[in-house]
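Letter by letter, the chains look like this.
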Amino acid sequence: MPEPLLEVKDLKVHFSTDDGIVKAVDGISFSIAPGETLGVVGESGSGKSVSFLTIMGLIRSKGALISGEVLFRGQDLLKLPSDELRHIRGAKISMIFQDPMTSLHPFYKVGAQISEAIRAHQDVSKKEALNQSVEMLRRVGIPRPEERAKQYPHEFSGGMRQRAMIAMALSLNPDLLIADEPTTALDVTVQAQILDLIDRLKEEFDAAVVMITHDLGVVAEHCDDIMVMYAGKAVEYGEARDIYYNSHHPYTWGLLQSITRIDEDLGERLRPIKGLPPSLIFVPRGCAFHPRCPYVMDVCKQEVPPLLPSAGHHSSACHLSLAEKERIFDQEVAAQR
Amino acid sequence: MGRYIIRRLLWVVFVLLVITFITYFIFLKLPPGDPATRFAGKQPTPALVDEVKKQFGLDKPFIVQYGLFVKRLFLGDEFGWPGLGKSFNTRAPLRPVILERLSVTAQLAFGAALVWISIGIPIGILSALRPRSLGDRMAMGFALFGVSAPVFWLGQMFLYIFWFKLGWAAGSGFYPIGQYGFITWANHMIMPWVVLALLFAAFYARMSRGNLIETMSEDYIRTARAKGLAERRVVVRHGLRSSLTPLVTMIGMDLGALLGGAIITETVFNLPGIGQLVVKSVSENDFAAILDVTIVAALAVTLMNLLVDVVYAYLDPRVRYT
């Protein structure tokens, strides 16, 4: 295996609040190789966004207790002084967000906002930075980029704004692009365009990508590896085809079954996962998923299942035996898809 | 933009007409008895009442009177433009009086605005950047004091402490800059400025604190940080820019309201401004003066509103008027 670009070891992000400790991220480990795409899937509140905001150094709450290691090219970002981390942020690792409507500053021209990012890391003139910004807008497929650069965000459509955000994020040719639900706020047709754009640019810029999403269907064809998160923990982690065709965790099964399919019979009901995600202050004892799990056993209510590998680097955190998991997946999950 | 401003100015004229009409109605039509009798003094003879009626045009029908007033206002009268008539009490032309008093009130209001902006907004920003710190708590304590302390009490306290006891500032009264020079003028204005400004400073501190805290949790602030900008730049260029823009509206509205007379401050510090004239003309039933101060107050508010809207369109690119 090549030297990982980003290696996260036992990352924990807890927030102390008046109501108790919120274990937003509770010990996740993963690694990303250069040029690889990792999908991070989970419901709202599963800790996927918080994990990557922490890696970016964007968690600023005073009550945040952060532990573990975040090794970027061997350097622990959690130990870097904020000023050095700032030079990595935006230049080596950049991020785009869920809502392009609110992620750009409404008072500044789009070109100026991209230029500002360039000039934060490179010693170039304003004019040069603006030229680069226009070029980036062109590369993300914005027509008439010279004119568009002089417009304000409110003159852009949602998809165009997300393209502009991507242009900004890639303007310094980063090694890693973190896309936090980049298509959630967009129309379905635009979603596909943006995902294809990220795919294409990833090749062009030779960058690794983290795709954070709550929709397994969205990341299917775009990711090499997938990590499924639940209540601040990774419950299943492996190559995309393992997750789709040989999944080993009941929560992932639930996600797979809840994907809408266009070839499904009319009248077929969506199969939601029963229940709600747990409160992160009072996480259920044992496996956090056990109150919602159709295959729950006594041991699940007592002991937290460790994330154990079954084959290669496919691992899952579930007390069911491997044979049982494969039987259930084949008979109940795959059969229904 | 030009068309927009013209349309708004026409609107200002309309508002002015409505307000003066209502004032006319309230002071001439609603009170019982003949207005001329009221104006003619304690023991009016019929001849005197007739004379008063003629002199002030009260012998004509109400609507004609109002029409004549509007005509004088817009076309000017024997004392110049705009025609503001003459006092029912002193029979002297009101135009020079109003202009002089407006100048006093303007000096008070703009000076105070400078003070409250330069105290209130920095305090608000500093406490927003360190919420719940000792400094923040002290600043908000000050804000609570400023909001709660009544101006008439604060004014007296200031006069007692800083003039009577300590002798740091000059006492009450107005000393025009042209006549007495800058030092004497400013020395007499400093306490009215500060006392009037404290109340507003407190509001502005709270507003700018709240706005900035809210802005700093916006998505675009996260974007600015994610770009790798220095925190200072994030706060100044991205945070302050959008959190202070709404304050422009407040400044305009408050100034507009103050130009119509800061009654209590003017009274406590004995400043001959519009506010004092309001009190005086109402208590003396000087109808012409009441009309004029009403016009001044209405104009100040509507014109400031217009100015605010124009400035706002310049500051916020999302706002465009056509």
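Residues numbered from 1 in each chain as written. Chains lettered and ligands numbered in written order. Predicted model: local features only at pLDDT ≥ 70, side-chain atom pairs only at ≥ 80, totals over all residues.

## Describing the sheet that holds strand β9 (residues 225-230) of chain A
Residue and element names in this part refer to chain A. Strand order in the open sheet formed by 8 strands is β6-β7-β8-β3-β9-β10-β12-β11, with mixed pairing between adjacent strands. Lying at the two open borders of the sheet, with one neighbouring strand each, are β6 (93-96) and β11 (308-311). Neighbour-to-neighbour, the strand axes of this sheet turn through a mean angle of 20°, independent of strand direction. Note: β6 against strand β7 (residues 176-180), 4 bridges, orientation parallel. Bridge assignment links Ile 96 to a residue of β7, and that residue is Ala 179. Running at roughly 145° to strand β8 (residues 208-213), helix α1 (residues 48-55) makes contact with β3 (37-41), β7, β8 and β9 of the sheet. (Pairing = 2+ DSSP bridges. Helix = DSSP H or I, 4+ residues; strand = E, 2+ residues; numbered from the N terminus. Axes fitted to C-alpha atoms, helices over the stretch in contact; angles between N-to-C directions. Contact = placed C-beta atoms within 7 Å.)

## Here we look at the sheet that holds strand β4 (residues 64-72) of chain A
All names here are of chain A. Within the open sheet, the 4 strands sit side by side as β2-β1-β4-β5. Their pairing is antiparallel. A strand with exactly one partner marks an edge of an open sheet, and here the two such strands are β2 (20-32) and β5 (75-76). Where strand β1 (residues 6-17) lies against β2, 10 bridges are found, and the strand directions are antiparallel. If you follow Val 8 over to β2, its bridge partner there is Phe 30.

## Observations concerning helix α6 (residues 134-148) of chain B
Residue and element names in this part refer to chain B. Here α6 contains 15 residues, and its C-alpha end-to-end distance of 21 Å stays within 8% of the 21 Å for a straight helix at 1.5 Å per residue. Residues of α6 that are buried include every one of Ala 139, Ala 143 and Gly 146, and no others. End-on, the buried residues of α6 take up no more than an arc of 65°, which puts them together on one face. With respect to the buried face of α6, the exposed residues turned more than 90 degrees away are Leu 134, Met 138, Gly 141, Leu 144, Phe 145 and Ser 148. (Expected span 1.5 Å × (residues − 1). Buried ≥ 20, exposed ≤ 12 C-beta atoms within 10 Å, placed from the backbone. Arc of directions from axis to C-beta.)

## Topic: the domain arrangement of chain B
Residue and element names in this part refer to chain B. Per the domain assignment, the segments of chain B are domain 1 (2-95) and domain 2 (96-315). Distance between the C-alpha centres of domain 1 and domain 2: 33 Å. The interface is formed by 19 residues belonging to domain 1 together with 21 residues belonging to domain 2. Broken down by element, the side of domain 1 that touches domain 2 gets its largest block of residues, 9 residues, from helix α1 (residues 2-29). Residues belonging to the side of domain 1 that touches domain 2 are distributed by class as follows: 10 nonpolar, 5 polar and 4 charged. (Domains from an automatic or database assignment. Nonpolar A, V, L, I, M, F, W, Y, C, P; charged D, E, K, R; others polar.)

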